[in-house]
Amino acid sequence: MYIDASKIRKILKNYPEITYDILKRIPKETVAGRQVIILNLKGINGLNVIAPVQLDVKKVI
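Notes on the structure follow.

Some points on the overall build of the protein
- Scanning the protein for helices and strands turns up 2 helices and 4 strands.
- Starting at the N terminus and ending at the C terminus, the protein contains elements arranged as α-α-β-β-β-β.
- For the protein, with 61 residues in total, the buried portion stands at 3%.

Notes on the pattern of salt bridges
- The tally for this structure, following the rule as stated, stands at 1 salt bridge.
- Ionic pairing is found between D21 and K24, a salt bridge with its closest N-O pair at 3.5 Å. In this pair, D21 and K24 both sit in helix α2 (residues 20-29), 3 residues apart, roughly one turn of the helix.

Parameters and conventions
Residues numbered from 1 in each chain as written. Predicted model: local features only at pLDDT ≥ 70, side-chain atom pairs only at ≥ 80, totals over all residues. Heavy atoms only, no water. Helix = DSSP H or I, 4+ residues; strand = E, 2+ residues; numbered from the N terminus. Buried < 20%, exposed > 50% of the residue type's maximum accessible area, 1.4 Å probe, protein only. Salt bridge = Lys/Arg side-chain N within 4 Å of Asp/Glu carboxyl O.

By themselves these figures say nothing about function.
Structure below.
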């Protein structure tokens, strides 16, 4: 997993409730084989909308 250093700085600056220690846990908290999609949406009040999505893809043979 790779997170650009500039993104980490932006997160630490704009979201004081997210500490560097929490960011370091992200790779440990992921689940093997699971894909997560991050959406970049804002509500009408300007706040970010967080919507984790897990794809349920089945192969048809």
